[in-house]
Amino acid sequence: MSMKFAIHNTFTTNKKLDDLEELGPLPSSNSQTACSESGPPDGGFGAWGTVFGCFLMQFCGFGYISSFGVYQDYYTRIYLTNHPPSAISWIGALASFLAVNVTLISGPLYDRGWFYHLVIVGSSLQSLSLFALSFAKPGQFYMIFIVQGVLFGIGMSLTYGPCLAVVSQHFSRRRTLMMSLVTSGTPLGAMVHPIMLNHLLNGTVSFARGVRASAGFVSALLLIACLSMRTRRVPVPTVSYNVVVRKCSREVLFILMTVGILLCQTGYYFPVFYLQLDSIKHGIDVHFSFYSLVIMNAACVIGRCTAGAIATYTGVLNFTIASTVACSAIITSMMALSDVASVVVIALAYGYFSGVYIALIVPLVAEFTPDLSELGARMGLCFAFTGMCGPISGALLGSQYRWWMPSLFSGVSSLHCSQALCQNLHLARLLCRKFDVCGDAPADIPPRNKRKPSVASRDT
C-alpha cells in the first residue's frame, strides 16, 4: 500500500459503507477499459503540444497579472493619482484572488470533462477584458477595477487550474518536471510583458494604443494555446463534489498544507506588486527600476525550471519548505532596500525561490491526492482563500509609504507557512513509521525500514 493511501485512510474517519452510499454513478465499463489499457504516455506529440499550450496559458494569464507592478506604478503616478496605492492594489490583488479562488468552480468542471469549454471561455474573457481596458480614461477607477480586476481575473480562473491539472493526464513519471516547465510560463511572461508595457505606457504611445497592442499580442498567443492542448480519456470521478469536500475536511495533512499555502500567498505578491514602486520611491533611476521586475522574473524562470529536477532528489515537501523560509527572509529584507545593488540582490534571490515555491504547489497537492480524478476539486479547495496580499500590503504601506510595515507582515506570513508545512512533514513521517510504509513512498517521507506493509495496512 502506498504512503498516499495510508495517510488518506488514517485521517478519514468516515466508514467504507458510508462512502459507498455517497458514491455517484459508476463509470461505464468501456471507459474503465480504455483507461486501464494504458496509463499516461509520458511523451508524444499530443503530450508535448499540451505542455506547450499550457505554458502559453500561464504566460498570458499569471504572467500578465504578475506584471501588474507596471500598472501599479503607472496608475499611482499618472493615471489614477486621486486614489491611494492601497485602493489601486485591489485591482491586481482581486484578479489574482479570483484566478485561484474560482478554481472551486473550474476544478470540478474540469474533473467532469469540461476542459475545452473552460479554456475557450476563459481565453475569450481575458482577451475581451484587455481590449475593454484600453477604453478607460484617466480617473475612471471603477471601470479599470471591473475590467482588469474582475473580468480578467475570472477569465484566468477558468484556465489556470485546468491547464495545470491536464498535464497529469499525459505524464506520470515526469509529472513534477512537466508541471514545473508549465508554470515557468508565468515568470517568462512577467519578463516580456513589463518590458512591453513600460515602453508602451511610458513612451510616446498613448495608454489606449499601448494596451490594445498588448491585448492583441496576448490574444494571438491564447489562440495558439487553445489549438495546441489535448485531453486524454480519463475516468469520470466516482464521488460527488460534496463528498470530496467532506473527505478533505477530515484530512489533517491536507488542511495543514492548505493553511501553509494560504499564509505564503498572503506575502507572495508584495515584491511582485511593489518592487518597482519601492525602487522609484527610494530615488533609484527610473529606467533601471522599470527592469527590476524583469530581473526578478528572469530568476523566477530558472527557479521554476529547476524546481522539478531538484525536488526529485530532495522531495517535493522538503524543497517547498526550504523555498518558503528563503522567501520569508528575502521579503523581510526589503526594509533595507536603498540602492541599485540591493534591488538586484532582492530581485534575483526572491525571483528564484518564489519560482521554486510556485512550481511545487500543484505537485504538492497531487502528492497528497490519493485519487487523481479528484485533483481539480482539491486544487480548488486548496487555492480558495489565497491572493489577498495586495490590498493588505497596500493598506499597511499607506500614503506615507511606510515600507517596513508591509515587508515585515509579508515576511512573517511566509515564515508561518513554512512552520505549517514542517508540521505536515512531521505528521507524514509519523504515519510512515506507524504503518511501515515503503515502496512507492515519496522521497521526502522515507520509510522507517524496508519491511513489507502489515496485513492490516494492506487490507485498508
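Each chain has its residues counted from 1, following the order in which its sequence is written. Owing to the predicted nature of the model, reporting of local features is limited to residues with pLDDT of at least 70; listing and counting of side-chain atom pairs is limited to 80 or more, with chain, interface and lining totals taken over all residues. Neither water nor hydrogens contribute to the side-chain values; these are computed over all heavy atoms in the structure.

1. A few points about the overall build of the protein chain
Moving on, step 1. Of regular secondary structure, the protein chain possesses 24 helices and zero strands.
Moving on, step 2. Burial classes follow relative accessibility: with a 1.4 Å probe on protein chains only, a residue under 20% of its type's maximum area counts as buried, one over 50% as exposed, and anything between as partly exposed. The proportion of buried residues among the 460 residues of the protein chain is 57%.
Moving on, step 3. All accessibility values rest on the Shrake-Rupley procedure with a 1.4 Å probe; residue burial counts only the protein chains present in the view. Accessible area of the protein chain: about 17,900 Å², with a carbon and sulfur share of 67%. Each helix is a run of H or I in the DSSP string that is no shorter than four residues. Each strand is a run of E no shorter than two, and both are numbered from the N terminus.

2. Some words on the nonpolar core
Inside soluble globular proteins, nonpolar side chains tend to come together where they are buried.
Moving on, step 1. Throughout, nonpolar core names a set of buried Ala, Val, Leu, Ile, Met, Phe, Trp, Tyr and Cys residues whose side chains join them through atoms within 4.5 Å. Counting residues in hydrophobic clusters, the biggest one holds 111 residues, and the most contacted among them are Tyr71, Tyr75 and Phe207.
Moving on, step 2. We call two residues in contact whenever any of their non-hydrogen atoms come within 4.5 Å of each other. Ignoring any residue separated from it by four or fewer positions in sequence, one finds Tyr75 in contact with Phe68, Leu80, Thr81, Ile88, Ile91, Leu133, Ile144, Gln148 and Phe207.

3. Focus on the environment of Gly351
Moving on, step 1. Summarising the element assignment, Gly351 is placed in helix α20 (residues 340-367).
Moving on, step 2. The sequence separation of Gly351 and Ala299 amounts to 52 residues, and the corresponding C-alpha distance is 4.8 Å.
Moving on, step 3. Every residue in contact with Gly351, bar those within four places of it in the chain, is listed here: Met296, Ala299, Cys300 and Ile346.

4. Some details on the environment of Cys226
Moving on, step 1. By the element assignment, Cys226 lies in helix α14 (residues 207-228).
Moving on, step 2. Expressed as a C-alpha distance, the spacing of Cys226 and Thr50, which sit 176 residues apart in the sequence, is 9.2 Å.
Moving on, step 3. Contact partners of Cys226, with chain neighbours within four places excluded, come to Met57, Val119 and Ser123.

5. So, the environment of Ser279
Moving on, step 1. As for its position among the elements, Ser279 is in helix α16 (residues 252-281).
Moving on, step 2. Along the primary structure Ser279 and Leu337 are separated by 58 residues, whereas in three dimensions their C-alpha atoms are 7.7 Å apart.
Moving on, step 3. For Ser279, the contacting residues outside a window of four places in its chain are Ile284, Ser289, Ser292, Leu337 and Val343.
Moving on, step 4. Engagement of the side chain of Ser279 in a polar contact is seen with the backbone oxygen of Leu275, the distance being 2.9 Å. What qualifies as a polar contact is a pair of N or O atoms within 3.5 Å, subject to a donor-acceptor requirement within protein and to the restriction that residues adjacent in sequence count only when both atoms come from side chains.

6. Points about helix α19 (residues 316-332)
Moving on, step 1. Under the convention used throughout, the expected extent of a helix is 1.5 Å for every residue step, that is, one less than its residue count. Between its first and last C-alpha, α19 extends 25 Å over 17 residues, near the 24 Å set by a 1.5 Å rise per residue.
Moving on, step 2. Counting buried positions along α19 gives twelve out of 17 residues, so the element sits mostly inside the fold.
Moving on, step 3. All buried positions along α19 are accounted for by Val316, Leu317, Phe319, Thr320, Ile321, Ser323, Thr324, Ala326, Cys327, Ser328, Ile330 and Ile331.

7. Regarding the pattern of salt bridges
Moving on, step 1. In the sections that follow, a salt bridge refers to a side-chain nitrogen of Lys or Arg positioned within 4 Å of a carboxyl oxygen of Asp or Glu. All told, the structure shown has one salt bridge when counted by the stated rule.
Moving on, step 2. The partner of Arg77 in a salt bridge is Asp73, and the shortest N-O contact between them spans 2.7 Å. Here Arg77 and its partner Asp73 are both found in helix α6 (residues 68-79), four residues apart, which amounts to about one turn of the helix.
Moving on, step 3. The class of Arg77 is partly exposed, set by a relative accessible area of 33%.
Moving on, step 4. The buried category is assigned to Asp73, whose relative accessible area is 1%.

8. A look at the packing of aromatic side chains
Given two aromatic rings, one states the distance between the centres and the angle between the planes to describe the pair.
Moving on, step 1. Classification of ring pairs rests on two measures: the distance between centres of Phe, Tyr or Trp rings, Trp counted by its six-membered ring, which must be within 6.5 Å, and the angle between planes, read as stacked under 30 degrees, edge-to-face over 60 and tilted in between. The final tally for this structure, using the stated rule, is 18 aromatic pairs.
Moving on, step 2. Between Tyr110 and Phe115 the ring centres are 6.3 Å apart and the planes differ by 75°, which places this aromatic pair in the edge-to-face class. Exposure class is identical for Tyr110 and Phe115. Each is buried.
Moving on, step 3. Here a set of aromatic residues connected by ring pairs shows up, and it is made of Tyr64, Phe68, Tyr71, Tyr74, Tyr75, Tyr79, Phe152 and Phe207.
Moving on, step 4. Over the ring of Phe135 we find Arg212, and its NZ or CZ is 4.8 Å from the ring centre. Here, a charge over a ring is recorded when the distance from Lys NZ or Arg CZ to the ring centre is within 6 Å and its angle to the ring normal is within 35 degrees.

9. Observations regarding the confidence of the model for the protein chain
Moving on, step 1. Averaged over every residue, the pLDDT of the protein chain is 76; residues scoring 70 or more account for 77%.
Moving on, step 2. For every residue, the predictor states its confidence as a pLDDT score lying anywhere from 0 to 100. Here residues 1-37 scores under 50 on pLDDT; set against residues more than four positions off or in separate chains, the count is 62 contacts.
Moving on, step 3. Within the model, pLDDT remains below 50 along residues 437-460, and this stretch shows 49 contacts once partners closer than five positions in the same chain are excluded.

10. Regarding a nonpolar patch on the surface
Moving on, step 1. Taken together, the side chains of Met335, Trp404, Leu408 and Val412 make up a nonpolar region of the molecular surface, amounting to roughly 360 Å² of accessible area.
Moving on, step 2. On the secondary structure map, Val412 appears in helix α23 (residues 404-435).
Moving on, step 3. A relative accessible area of 35% means that Val412 is categorised as partly exposed. Exposure above 30% relative accessible area and no salt bridge define the residues that can form patches, which grow by joining like charges within 9 Å and nonpolar side chains of Val, Leu, Ile, Met, Phe, Trp and Tyr within 5 Å.

11. Quick word on the state of the cysteines
Moving on, step 1. By disulfide we mean two sulfur atoms from cysteines, separated by a distance within 2.5 Å. Evaluation of the coordinates by the stated rule reveals zero disulfides.
Moving on, step 2. Here Cys300 stays unpaired: no disulfide links it, and the sulfur of Cys327, its closest cysteine neighbor, is 9.2 Å away.
Moving on, step 3. Judged by its relative accessible area of 3%, Cys300 falls in the buried class.
Moving on, step 4. With a relative accessible area of 2%, Cys327 lands in the buried category.

12. A word on the side chain of Ser89
Moving on, step 1. Here Ser89 lies in helix α7 (residues 85-101).
Moving on, step 2. Residue classification places Ser89 among the buried positions, given a relative accessible area of 0%.
Moving on, step 3. Among the polar contacts listed, one links the side chain of Ser89 to the side chain of Tyr274, at a separation of 3.3 Å.

13. So, the packing of helix α13 (residues 185-201) against α14
Moving on, step 1. Where α13 contacts α14, the axes come no closer than 9 Å and their chain directions differ by 155°. Judged by the inter-axis angle, α13 sits roughly antiparallel to α14. For the element pair α13 and α14, the recorded crossing hand is right-handed. Along its contact with α13, which presents Val192, His193, Met196, Leu197, Leu200 and Leu201, the element α14 presents Phe207, Gly210, Val211, Ala213, Ser214, Phe217 and Val218.
Moving on, step 2. The residue inventory of the contact of α13 with α14, partitioned by class, reads ten nonpolar, three polar and no charged. An axis is simply a line fitted to the C-alpha atoms; with a helix, the fit covers only the stretch in contact. Between two such axes, the angle follows the N-to-C directions and lies from 0 to 180 degrees. If an angle is under 35 degrees, it is roughly parallel; if it is over 145, roughly antiparallel; if it lies from 65 to 115, roughly perpendicular; otherwise it is oblique. Helix crossings get a hand from a simple test, with the near helix turned counterclockwise from the far one by less than a right angle marking a left-handed crossing and a clockwise turn marking a right-handed one. By the convention adopted, Pro, Cys, Tyr, Trp, Phe, Met, Ile, Leu, Val and Ala count as nonpolar, Lys, Arg, Asp and Glu as charged, and the other residues, Gly among them, as polar.

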